[in-house]
Amino acid sequence: MYKKKPQTILLDMTTWCNLKCPMCPQSFEELDKTRHKGIMDFEMSKQIIDQLYTITGEHTVGCVLPYWNGEPLLYPKFIEFLEYCKSKDIINHGIGAFDLNTNAGILTNKKSKAILESQLFPVVLFSIDATTKSTYDKVRAGGDFYQTIDNIKNFVKMREEYRIENPQNIWPDRIIFQFITMEINQHEALQFYHDWSTFLKSYNLDFQVNYWWDEPAPIMKDTIFLKRCFEGGIEHQNILNKLHKKVVHEIGLISDDQLKSKKMIFRTDETTGQEIF
């Protein structure tokens with residue numbers, strides 16, 4: 001069907017979101033006026049999965065992201081979609097894996113259970129970006145800070161219980177707790193690290209701390225992710241880059257020399273000098 005197998009497919013099942021985050025295109029008024037908002041027909045989502053299905057088990061695509069411009073948990077048929085994929089045994093017949101990125105604001109017990117039982121997601125990323133309600137209200141406008149934190153902690157609890165009852169089912173084996181570093185939340189980065197470190201240790205979970213997807217090491221387990229923000233023009237981006245550097249140094253992820261250096265802390269291509277993403 002494909003001349004060349006795609007590594008990733010974006011399956012944007014809804015372009016609606018329940019939040020208005022300042023660093024996200026969802027909050028850009030001019031862009032928001034021109035962007036079509038909609039929800040994918042459930043039959044269409046099933047047809048796409050059918051097209052990716054292979055009887056032999058050969059993968060047609062490495063990974064499917066059931067989100068991009070919207071919040072995936074807003075999809076009205078989210079649970080039914082997971083159930084359909086599971087019924088097709090799609091992980092063993094066409095798709096390598098699914099990834100999930102969510103703000104967790106509407107992550108109910110029922111949805112958490114469906115995610116765990118589907119065994120589709122080796123990676124689940126939670127976008128959090130704050131440790132206090134006052135900052136969260138600025139960074140994740142429209143969300144409920146306390147409810148969101150409870151939802152995420154409950155998901156981890158449910159995963160650990162599910163692992164005990166179903167030791168053969170290990171996904172998600174990587175939960176990512178994301179903090180996008182910006183001017184309005186930089187002062188909470190260290191506390192974010194401490195809060196989630198303490199929480200993960202309370203479950204005796206092994207975890208790592210990253211400032212990029214493969215820095216300082218590829219994400220292979222639960223991860224506290226202090227991510228650089230991408231926003232605005234070159235001048236503003238340079239400010240954000242320096243801010244991010246300062247934060248990851250404060251947490252101990254880079255050395256004093258790396259902080260002082262004008263070089264980026266991300267790997268670069270030896271030929272072009274450009275950052276490798």
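Please refer to the structure placed before this passage.
This is a predicted model, so every value here is computed, not measured. (Residues numbered from 1 in each chain as written. Predicted model: local features only at pLDDT ≥ 70, side-chain atom pairs only at ≥ 80, totals over all residues. Heavy atoms only, no water.)

Asker: Let's hear about unusual backbone geometry: which residues, and what values?
Answerer: Backbone torsion omega between Trp171 and Pro172 reads -5°, so that peptide bond is classified as cis. Tracing the backbone through its elements, the reader meets Pro172 in the loop between α6 (145-165) and β5 (174-181). Omega for the peptide link from Glu215 to Pro216 comes to 5°, which places this bond in the cis form. The topology assignment puts Pro216 in the loop between β6 (207-210) and β7 (222-228). Of note in the backbone geometry, Ala104 takes a positive phi value of approximately 65° without being a glycine. Within the secondary structure, Ala104 is located in the loop between β3 (95-102) and α4 (109-118). The phi angle at Asp129 is positive, at roughly 70°, despite the residue not being glycine. Locating Asp129 in the fold gives a position in the loop between β4 (123-127) and α5 (133-139). (Helix = DSSP H or I, 4+ residues; strand = E, 2+ residues; numbered from the N terminus.)

Asker: Any details on the layout of surface pockets? Residues and values, ideally.
Answerer: The computed volume of the largest pocket comes to approximately 1200 Å³. Around the largest pocket, the lining comprises 36 residues; the ones closest to its centre are Tyr67, Trp68, Asn101, Trp213 and Lys227. Elements supplying a minimum of two residues to the lining of the largest pocket: β2 (61-65), β3, β4, β5 and β7. Across the lining of the largest pocket, the residue classes break down as 20 nonpolar, nine polar and seven charged. (1 Å grid on protein atoms, 1.4 Å probe; cavity = no way out; pocket = protein on both sides within 12 Å on 5 of 7 lines; lining within 4 Å. Points joined across faces, edges and corners; volume = space filled by probe spheres on them. Nonpolar A, V, L, I, M, F, W, Y, C, P; charged D, E, K, R; others polar.)

Asker: Requested: an account of the pairing of β2, with residues and values cited.
Answerer: Burial analysis of β2 places four of its five residues in the buried class, which makes it a mostly covered element. Here three bridges tie strand β1 (residues 8-10) to β2, and the two strands are oriented parallel to one another. Among the inter-strand pairings, Ile9 is bridged to a residue of β2, identified as Val64. With three bridges connecting them, β2 and β3 associate as parallel partners. Looking at β3, one finds that Cys63 is bridged to Ala97. (Buried < 20%, exposed > 50% of the residue type's maximum accessible area, 1.4 Å probe, protein only. Pairing = 2+ DSSP bridges.)

Asker: Can you tell me about helix α7 (residues 189-202), naming the residues and giving the values?
Answerer: For α7, built from 14 residues, the straight-helix expectation of 20 Å at 1.5 Å per residue is met to within 8% by its first-to-last C-alpha distance of 20 Å. Burial in α7 covers these residues: Ala189, Phe192, Trp196, Ser197, Phe199 and Leu200. Viewed along the axis of α7, the buried residues span an arc of 165°, placing them on a single side of the element. In this structure, α7 carries Thr198, Lys201 and Ser202 as exposed residues pointing more than 90 degrees from its buried face. On its buried side, α7 packs onto α6, β5, β6, β7 and α8 (234-251). (Expected span 1.5 Å × (residues − 1). Arc of directions from axis to C-beta. Contact = heavy atoms within 4.5 Å.)

Asker: Tell me about the packing of aromatic side chains, and please be specific about residues and values.
Answerer: According to the stated counting rule, one finds 14 aromatic pairs in the structure shown. Consider the rings of Phe192 and Trp196, whose centres lie 6.4 Å apart with planes at 55°: the pair is tilted. In this pair, Phe192 and Trp196 are both assigned in helix α7, four residues apart and thus about one turn of the helix distant. When sorted by exposure, Phe192 lands in the same class as Trp196, which is buried. Through a chain of ring-to-ring contacts, three or more aromatic side chains come together here, namely Phe177, Phe179, Phe192, Trp196, Phe199 and Tyr203. (Phe/Tyr/Trp six-rings, centres within 6.5 Å; stacked < 30°, edge-to-face > 60°.)

These values are about where atoms sit, not about what they do.
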